[in-house]
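# Breakdown of the fold
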Amino acid sequence: MSDAQSGAIAPAATVQRMFDRIVPRYDLMNHIMTFGMDIPWRDLLARKAATIEGRTSARVLDVATGTGDVALAIRKAGATHVTGLDFSPEMIAAAKAKLAKSGMDGITFVEGDAMALPFDDGTFDAATVPFGLRNMPDYGAAVAEMSRVLRLGGRLLCLEMTPIRNRLLKAPFQAYFEHVVPVVGGMLSGDRAAYAYLPKSVAAFPPAPDLARIMREAGLADVQWIGLGFGTVALHSGTKA
């Protein structure tokens, strides 16, 4: 394996407080940082979760749901019911407000810990974790816990930033991510430290092949991934065997 560590670079309580602070500009900064590509990436994730092998998913869990965009997209894609979970109370409050404004049904938002999900074994047809695994204290344990709540044949989908390997793009991407994003994030959110944390957390995260191995070790089969955003993002999927 690479020198990437096995869990988040900051304690869970620190990460939780950070996400509580940046809620007001969270969606805007996601769009700015990715030049709007976070929207089609999340839609792709939602479609893969809402339908598995031609069958509509009855229940889907969206872990690290944030302000709820993925959960809403999964419901729009056809899943019968979606549960969005996040450990940040401010994120969950924003997600509930967004849900109320949308007028959609079939979605529930709950505050909870991804490392100890408050659900029985085999509850969900699919589980998603969009840009959240990187912030969990133990990647392997988090994947195993999400796998636990999947039914047999259920699908785990992880959309996450990944250390860039393209030699031509690595230097300009790192310059943008390490210098521009913290400045812009600080200006818009008033919290430069939060957006300085982001590139550091990505640099320490396992590359796509290593994350695939972690998923296999957690008992998932048919683990695959696709690269997005010129190799800056990876969408992994695995099936509970």
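Here's a quick rundown of the structure. (Residues numbered from 1 in each chain as written. Predicted model: local features only at pLDDT ≥ 70, side-chain atom pairs only at ≥ 80, totals over all residues. Heavy atoms only, no water.)

With that settled, consider the pattern of salt bridges. Taken as a whole and assessed by the stated rule, the structure comprises ten salt bridges. Arg-42 is the partner of Asp-38 in a salt bridge, and the nearest nitrogen-oxygen pair spans 2.8 Å. Highlighted residues: Asp-38 and Arg-42, both in helix H3 (residues 38–50), separated by four residues, approximately one helical turn. In this structure Asp-38 comes out as buried when scored by relative accessible area, which is 2%. You can call Arg-42 buried: its relative accessible area is 10%. Between Arg-213 and Glu-217 there is a salt bridge whose closest N-O contact spans 2.5 Å. Here Arg-213 and its partner Glu-217 are both found in helix H9 (residues 208–217), four residues apart, which amounts to about one turn of the helix. (Salt bridge = Lys/Arg side-chain N within 4 Å of Asp/Glu carboxyl O. Helix = DSSP H or I, 4+ residues; strand = E, 2+ residues; numbered from the N terminus. Buried < 20%, exposed > 50% of the residue type's maximum accessible area, 1.4 Å probe, protein only.)

Quick look at the pairing of strand E7 (residues 150–161) now. Across the twelve residues of E7, nine count as buried, placing the element largely inside the fold. When strand E6 (residues 124–130) meets E7, the two strands line up parallel, connected through six bridges. In the sheet register, Phe-124 faces E7, and the bridge partner there is Leu-150. Note on the crossover from E6 through helix H6 (residues 139–148) to E7: the handedness is right-handed. Inspection of the sheet shows E7 paired to strand E9 (residues 233–240) by seven bridges, in the antiparallel sense. Its bridge partner lying in E9, Glu-160 is registered against Ala-234. (Pairing = 2+ DSSP bridges. Right-handed = clockwise from strand over helix to strand, strands pointing away.)

Here we come to the side chain of Thr-65. Considering the arrangement of structural elements, one finds Thr-65 in the loop between strand E3 (59–63) and helix H4 (69–76). For Thr-65, a relative accessible area of 6% puts it in the buried group. A polar contact is formed between the side chain of Thr-65 and the side chain of Asp-62, at a distance of 2.7 Å. Those residues in contact with Thr-65 that sit more than four places away from it in its chain are Ala-71, Gly-84, Leu-85, Asp-86, Ile-92 and Phe-109. (Polar contact = N/O pair within 3.5 Å; in protein donor to acceptor, adjacent residues only side chain to side chain. Contact = heavy atoms within 4.5 Å.)

Okay, the nonpolar core next. Grouped together as the largest cluster of nonpolar side chains are 48 residues, with contacts concentrated most on Ile-74, Phe-109 and Leu-159. The element best represented in this core is H3, accounting for six residues. Among residues more than four places away in sequence, those in contact with Leu-159 are Trp-41, Arg-42, Leu-45, Val-129, Pro-130, Phe-131, Leu-228, Val-233, Ala-234 and Leu-235. In terms of nonpolar packing, the next biggest core, distinct from the first, is built from 26 residues, Leu-85, Val-129, Cys-158 and Met-215 among them. (Core = buried A, V, L, I, M, F, W, Y, C linked by side-chain atoms within 4.5 Å.)

Under the definition given, this model contains six aromatic pairs. Summarising the aromatic geometry, the rings of Tyr-139 and Phe-205 are spaced 5.0 Å apart at their centres and angled 75 degrees between planes, so their arrangement reads as edge-to-face. Note that Tyr-139 is positioned in helix H6 and Phe-205 in the loop between helix H8 (192–203) and H9, a separation of 66 residues in sequence. Given the relative accessible area of 2%, Phe-205 is considered buried. (Phe/Tyr/Trp six-rings, centres within 6.5 Å; stacked < 30°, edge-to-face > 60°.)

A surface patch of nonpolar side chains, about 420 Å² in accessible area, is lined by Leu-28, Ile-32, Val-183, Met-187 and Leu-188. Sorting the residues of the nonpolar patch by element identifies helix H2 (23–33) and helix H7 (167–189) as the ones contributing at least two each. Counting residues per element, the nonpolar patch draws most heavily on H7, which supplies three residues. On the secondary structure map, Met-187 appears in helix H7. (Patch = residues over 30% accessible without salt bridge, like charges linked within 9 Å, V, L, I, M, F, W, Y side chains within 5 Å. Areas by Shrake-Rupley, 256 points an atom, 1.4 Å probe, with all protein chains shown as cover.)

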